[in-house]
Amino acid sequence: MNRQDHCVFILTVFIIVHKTCGMDIVYFQPKSFYQSYTKADQVRRSLIRSGKLSENNSFVEGERFMVVCVN
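Residues numbered from 1 in each chain as written. Predicted model: local features only at pLDDT ≥ 70, side-chain atom pairs only at ≥ 80, totals over all residues. Heavy atoms only, no water.

K.L.:
Would you mind going over the side chain of Arg44 in detail, with residue names and values included?
P.N.:
Mapped onto the elements, Arg44 comes out in helix H1 (residues 37-49). A relative accessible area of 6% means that Arg44 is categorised as buried. Of note is the side chain of Arg44, whose polar atom sits 3.0 Å from the backbone oxygen of Ser58. The residues touching Arg44, leaving out its near neighbours within four places in the chain, are Ile16, Leu53, Glu55, Ser58, Phe59 and Val60. (Helix = DSSP H or I, 4+ residues; strand = E, 2+ residues; numbered from the N terminus. Buried < 20%, exposed > 50% of the residue type's maximum accessible area, 1.4 Å probe, protein only. Polar contact = N/O pair within 3.5 Å; in protein donor to acceptor, adjacent residues only side chain to side chain. Contact = heavy atoms within 4.5 Å.)

Right, dumping it as structure tokens:
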């Protein structure tokens, strides 16, 4: 019988969320996912300064994904 190696890890990415009337939308400019909270927050602040996002209706949120590797 062949031995199979498995690995499981948790991937955390950060997204910028824009709240609208009863709906949360992931903001896709310039990209949707960031590897660190700091980078996502810097992009959010830049979008606020340029008038593309409202400070009151946006925030950074971490999303976790379970990743399973099977060889």
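K.L.:
Describe a nonpolar patch on the surface, naming the residues involved and giving the relevant values.
P.N.:
On the surface, a cluster of nonpolar side chains totalling about 500 Å² of accessible area is made up of Val8, Ile10, Met66, Val68 and Val70. Looking at the nonpolar patch element by element, the count peaks at three residues for strand S3 (residues 58-70). Topologically, Val68 is positioned in strand S3. (Patch = residues over 30% accessible without salt bridge, like charges linked within 9 Å, V, L, I, M, F, W, Y side chains within 5 Å. Areas by Shrake-Rupley, 256 points an atom, 1.4 Å probe, with all protein chains shown as cover. Salt bridge = Lys/Arg side-chain N within 4 Å of Asp/Glu carboxyl O.)

K.L.:
So what about the pattern of salt bridges? Which residues, and what values?
P.N.:
Counted according to the given criterion, the structure contains four salt bridges. Two residues, Asp24 and Lys19, come together in a salt bridge whose shortest N-O distance is 2.9 Å. Given a relative accessible area of 39%, Lys19 falls into the partly exposed group. Connected through salt bridges with shared partners, the residues Asp41, Arg44, Arg45 and Glu55 form a single ionic network.

K.L.:
A description of the nonpolar core should follow, citing residues and the corresponding values.
P.N.:
Within the largest apolar cluster, 10 residues are counted, these being Phe14, Ile16, Tyr27, Tyr34, Ala40, Val43, Leu47, Ile48, Leu53 and Val60. Breaking this core down by element, the ones donating at least two residues are strand S1 (6-20) and H1. Ranked by the residues each element gives to this core, the list is headed by H1, at four residues. Beyond its immediate stretch of four places on either side in the chain, Leu53 contacts Ile16, His18, Tyr27, Arg44, Leu47, Ile48 and Ser58. (Core = buried A, V, L, I, M, F, W, Y, C linked by side-chain atoms within 4.5 Å.)

Nothing here speaks to function; it is geometry throughout.
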